[in-house]
Amino acid sequence: MINRFDRRQFLRQFALGVTSAVVLASCASTPDAPDTAATDGAEDGAVETLVVATEPAFPPFEFQAEDGSYDGFDIDLMNAIAAAAGFEVEYESLPFDGIIPALQAGTVDAAISAMTITEERLGTVDFSSPYFKAGLAIAVKEDDTEITSLDSLQGKTIAVQIGTTGAEMANSVEGASVSTFDSGPLALQELANGNADAVINDAPATLDAIASGNIEGLTIIGELLTEEFYGIATPQGADSLALINDGLAAIIADGTYADIYTKWFGADAPELPSEVTF
């Protein structure tokens, strides 16, 4: 029998199923300003500003509000980290597949965009301690009885967001035709329009799209395909990483993280590991 579950069931599983302890180590005291940060007047005690990239098209993590401002779990989290660590944030909107190149080029100081910590990405950028536990899920039309697992996607058309771990998973399916889109909601809309058989995407974002009513007639099947952790990315060797980890550790310790999590996901915050190992 296909296991179909809704947002509340997923979040209950999500909150209760994590057993790793939070051991977010406090990093060194606020370091010298990173090379790419805006630090004019820093010697006079001015607050440091970090340019932080995000792709505001992945609710509930990051999206643009009606007034044009950025909103979402990641945005609230980054703002809280900045307040705790004593720096300011200037957001820069970038397509998801352009974020790592921008970090490598040093045009941004950090990035928060529901980015999974992977071994491959760690070869090009550094990551903060994990701040969110997620996983990939398969979305199909509600009346679909044929697709029940990853193996049943063989020979099917799968819509994905370009540059994501969902895209990597889809490309591993034998005989599948993979259609790429600039955002997760666009991939889900392709499925709703009948132009794809399934979408492989991060479960929380997919459930939010379904629950919000923005995309109708879809459901998630089966169990999560993966266990993933999101991290805040920085250029390799950047001083901004220690600053971000300081702030993250502080808001976890004082309960701010738990409040933000509950605001956006309606559940108690899960415990997080201190790092991701491969």
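Report on the accompanying structure. (Residues numbered from 1 in each chain as written. Predicted model: local features only at pLDDT ≥ 70, side-chain atom pairs only at ≥ 80, totals over all residues. Heavy atoms only, no water.)

Here the focus is helix α8 (residues 256-265). Residues of α8 that are buried: Y257, I260, Y261, W264 and F265. Viewed end-on, α8 has its buried residues packed into an arc of 105 degrees, placing them on one side of the element. Structural note: α8 exposes D259 and K263 on the side pointing more than 90 degrees away from its buried face. (Buried < 20%, exposed > 50% of the residue type's maximum accessible area, 1.4 Å probe, protein only. Helix = DSSP H or I, 4+ residues; strand = E, 2+ residues; numbered from the N terminus. Arc of directions from axis to C-beta.)

Moving on, we get to the sheet that holds strand β10 (residues 157-161). An order of β11-β10-β12-β9-β13 is seen for the five strands of this open sheet, with the pairing classed as mixed. Whereas interior strands pair on both sides, the edge strands pair on one side only; in this sheet they are β11 (177-181) and β13 (218-221). Across the sheet, the axes of successive neighbouring strands diverge by a mean angle of 35 degrees, strand direction being ignored. Its contacts with the sheet put helix α5 (residues 184-192) on β9 (136-141), β10, β11, β12 (198-202) and β13, and the angle it makes with β12 is roughly 155 degrees. (Pairing = 2+ DSSP bridges. Axes fitted to C-alpha atoms, helices over the stretch in contact; angles between N-to-C directions. Contact = heavy atoms within 4.5 Å.)

Counted residue by residue, β12 has five buried out of five residues, so it is predominantly covered. With four bridges joining them, β9 and β12 adopt antiparallel strand pairing. In the strand pairing of β12, I138 is matched with I200.

This paragraph deals with the pattern of salt bridges. Inspection of the entire model under this criterion finds three salt bridges. A salt bridge links K263 to D76; the shortest N-O distance between them is 2.7 Å. Placement of K263 in helix α8 and of D76 in helix α2 (residues 73-85) is noted, with a sequence separation of 187 residues between them. Since its relative accessible area comes to 56%, K263 is described here as exposed. Where E146 meets K156, a salt bridge forms, and the shortest distance between an N and an O atom there is 2.7 Å. With E146 in the loop between β9 and β10 and K156 in the loop between β9 and β10, the pair connects residues that are ten residues apart, well separated along the chain. A relative accessible area of 16% places K156 in the buried class. (Salt bridge = Lys/Arg side-chain N within 4 Å of Asp/Glu carboxyl O.)

Where α2 contacts helix α7 (residues 240-253), the two axes come as close as 8 Å, and the packing angle between them is 100 degrees. In terms of orientation, α2 and α7 fall into the roughly perpendicular class. The segment α2 lies against α7, with L77, M78, A80, I81, A84 and A85 engaging L243, I244, G247, L248, A250 and I251. (Parallel < 35°, antiparallel > 145°, perpendicular 65-115°, else oblique.)

Purely spatial values, then, with no claim about function.
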